[in-house]
Amino acid sequence: MRKRITVASLVGLASGTFCWFLLKRLHQNAGDFQWALHLAERMLARQNPYDTPLEQYPLPAAFFALPFLHLSPEIAAGIFYGISSSLLALGLTRRDAVKLKIFLAYPYWAGLLTAQWSTIIAASSFFPFLLPVTMAKPQVGLPVFLTRMSRRGVLACVVLAGISLIVMPRWPLLWLGQMGYYQHYFPLLVFPGPLLLLALLRYRDRDAWLLLFASLLPQRWFFDAFTLWLIPKKRWEIILTAGFSWSAGIWRWFHQPTSFTEVGEAAVLFLYLPMLLVVLSRSALPDVALPDRDTPDLQKNVHE
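Residues numbered from 1 in each chain as written. Predicted model: local features only at pLDDT ≥ 70, side-chain atom pairs only at ≥ 80, totals over all residues. Heavy atoms only, no water.

## A few points about the overall build of the protein
When you go through the protein residue by residue, the secondary structure sums to twelve helices and zero strands. Starting at the N terminus and ending at the C terminus, the protein contains elements arranged as α-α-α-α-α-α-α-α-α-α-α-α. Over its C-alpha trace the protein gives a radius of gyration of 19 Å, about what one expects of a compact globule, namely 19 Å for 304 residues. If you line up the protein on its principal axes, its C-alpha atoms span 55 × 45 × 35 Å. Relative to its full complement of 304 residues, the protein shows a buried share of 55%. The long-range fraction of contacts in the protein, counting pairs at least 24 apart against all pairs at least 6 apart in sequence, stands at 72%. (Helix = DSSP H or I, 4+ residues; strand = E, 2+ residues; numbered from the N terminus. Rg over C-alpha atoms; globule rule 2.2 N^0.38 Å. Buried < 20%, exposed > 50% of the residue type's maximum accessible area, 1.4 Å probe, protein only. Contact = heavy atoms within 4.5 Å.)

Listed below in structure tokens is the structure:
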């Protein structure tokens, strides 16, 4: 356990520092995390947090930003991303260090550039107490919630939802009113997205459902797909998907997309279809029953 904590701490320190450096150097303020800080500030001031069409996060995201309000934006975002990466590393090393290779995936680094939520949402699959972070960005978090839920995790989500409604009873209506400003694509609906329905051939595999649920929800950029790296288990699966994901980064480097449909086509081709290949390459035998996630040290996955 001491070794796992040491590795996770080093990952968190390195990623948090690099995130802070990039945000500072590129004058990005707190990146995407600034909208959670904005929510928290308005919530404490008892003001409408949806006073700008750019605020598109549900109110639960504000509670995760509260500890960072008194820090400079870049430092707050760097610490947030560092903690996210550290928790993910701690979860990934529960059985062995092979899964740490998912940090090589392009969507992780795309998320680091703007302090995105997908890393901590991926980490929530290992720790029930973290499951409420899936509520902060539901279009990314819902597939993780549906495929990795536990009794404690669901209870924690209910508690956070209840507190948010007590603080601001009308926030769901205000938030839904912002959805018209959210530019996005649906992976399943852009070419060659319909091929993702082939994941149903492995309907007994919860990773197949993670892939399908993610393809059904609106996405904006490549970093949203990082939670898909909960799917690969074996070394070759991780290396294949992580390596191929950099094709999306190379494509973006040499091409300025003119629409989110273009982004979606690249995401499906370079991120989603490799995951489909991984899922279809597995045995068609049903998964063995998994122990409850509330006893995480006993959890196994039949594909490991």
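## Examining the packing of helix α1 (residues 2–25) against helix α4 (residues 73–92)
Where α1 meets α4, the closest approach of the two axes is 7 Å, and the angle between their N-to-C directions is 150°. Considering their axes alone, α1 and α4 lie roughly antiparallel with respect to each other. The handedness of the crossing between α1 and α4 comes out as right-handed. Residues Arg4, Ile5, Ala8, Ser9, Val11, Gly12, Ser15, Gly16, Cys19, Trp20, Leu23 and Lys24 of α1 touch α4, and the partners they reach there are Glu74, Ile75, Ala77, Gly78, Tyr81, Gly82, Ser85, Ser86, Ala89, Leu90 and Gly91. Split by residue class, the contact of α1 with α4 holds eleven nonpolar, nine polar and three charged. (Axes fitted to C-alpha atoms, helices over the stretch in contact; angles between N-to-C directions. Parallel < 35°, antiparallel > 145°, perpendicular 65-115°, else oblique. Left-handed = near helix turned anticlockwise from the far one by under 90°. Nonpolar A, V, L, I, M, F, W, Y, C, P; charged D, E, K, R; others polar.)

## Considering the environment of Lys24
Tracing the sequence through the fold places Lys24 in helix α1. Owing to a relative accessible area of 47%, Lys24 belongs among the partly exposed residues under this scheme. Measuring from C-alpha to C-alpha, the distance between Lys24 and Glu74 comes to 6.2 Å, with 50 residues separating the pair along the chain.

## Some thoughts on unusual backbone geometry
Note the cis peptide between Phe191 and Pro192, where omega equals 0°. Position of Pro192 among the secondary structure elements: in the loop between α9 (171–176) and α10 (206–216). Of note in this structure, His27 is not a glycine but carries a positive phi near 55°. Take His27: it is sitting in the loop between α1 and α2 (34–44). Of the residues examined, His27 reaches a relative accessible area of 70% and is grouped as exposed. With a phi angle near 60°, Asn29 is a residue other than glycine that sits in the positive phi range. With respect to the helices, strands and loops of the structure, Asn29 is situated in the loop between α1 and α2.

## Notes on the pattern of salt bridges
Two side chains carrying opposite charge are able to pair once their charged atoms lie near each other. Under the counting rule described, the total for this entry stands at seven salt bridges. Asp207 is the salt-bridge partner of Arg282, the closest N and O atoms lying 2.9 Å from each other. Placement of the pair is Arg282 in the segment after α12 (260–281) and Asp207 in helix α10, with a sequence separation of 75 residues. For Arg282, a relative accessible area of 7% gives the class buried. A relative accessible area of 0% means that Asp207 is categorised as buried. (Salt bridge = Lys/Arg side-chain N within 4 Å of Asp/Glu carboxyl O.)

## A short note on the nonpolar core
Membership of the largest hydrophobic core comes to 94 residues, with the highest contact counts inside it found for Phe33, Leu88, Trp117, Leu211, Phe222, Leu228 and Trp229. Ranked by residues supplied to this core, first place goes to α12 with twelve residues. For Leu211, the contacting residues outside a window of four places in its chain are Leu196, Ala199, Leu228, Ile231, Tyr272, Met275 and Leu276. (Core = buried A, V, L, I, M, F, W, Y, C linked by side-chain atoms within 4.5 Å.)

## Some words on the packing of aromatic side chains
For the coordinates displayed, the defined rule picks out 21 aromatic pairs. When the ring of Phe127 is compared with that of Phe129, the centres are 5.8 Å apart and the planes differ by 45°; the resulting orientation is tilted. Assessed through its relative accessible area of 11%, Phe127 is described here as buried. Here the aromatic rings of Phe226 and Trp229 are separated by 6.5 Å at their centres, their planes lie at 20°, and the arrangement is stacked. Trp229 sits in the buried class, given a relative accessible area of 2%. In this structure an aromatic cluster arises from ring pairing among Phe18, Phe21, Tyr81, Phe103, Tyr108, Trp109, Phe226 and Trp229. Above the face of the Phe127 ring, Arg94 is positioned so that its terminal group lies 5.5 Å from the ring centre. (Phe/Tyr/Trp six-rings, centres within 6.5 Å; stacked < 30°, edge-to-face > 60°. Lys NZ or Arg CZ within 6 Å of the ring centre and 35° of its normal.)

## Focus: the confidence of the model for the protein
Segments scoring low in pLDDT should not have their predicted coordinates read at a detailed level. Confidence in the prediction of the protein, expressed as mean pLDDT, is 89, and 93% of residues score 70 or more. When mean pLDDT is taken per element in the protein, helix α6 (residues 118–123) scores highest with 96 and α9 scores lowest with 91. In this model residues 285–304 is a low-confidence stretch, pLDDT under 50, and it forms 45 contacts with partners more than four residues away in sequence or in other chains. (pLDDT = per-residue confidence, 0-100.)

## Quick word on α4
In this model, α4 (20 residues) spans 28 Å end to end at C-alpha, consistent with the 28 Å of a helix rising 1.5 Å per residue. Where burial is concerned, most of α4 is hidden: 16 out of the 20 residues are buried. (Expected span 1.5 Å × (residues − 1).)

## A closer look at a nonpolar patch on the surface
Together, Phe18, Trp20, Phe21, Leu71, Ile75, Ile79, Ile83, Trp109 and Trp246 make up a nonpolar patch on the protein surface, roughly 760 Å² of accessible area in all. Looking at the nonpolar patch, the elements that each hand over two or more residues are α1 and α4. Take Ile75: it is sitting in helix α4. (Patch = residues over 30% accessible without salt bridge, like charges linked within 9 Å, V, L, I, M, F, W, Y side chains within 5 Å. Areas by Shrake-Rupley, 256 points an atom, 1.4 Å probe, with all protein chains shown as cover.)

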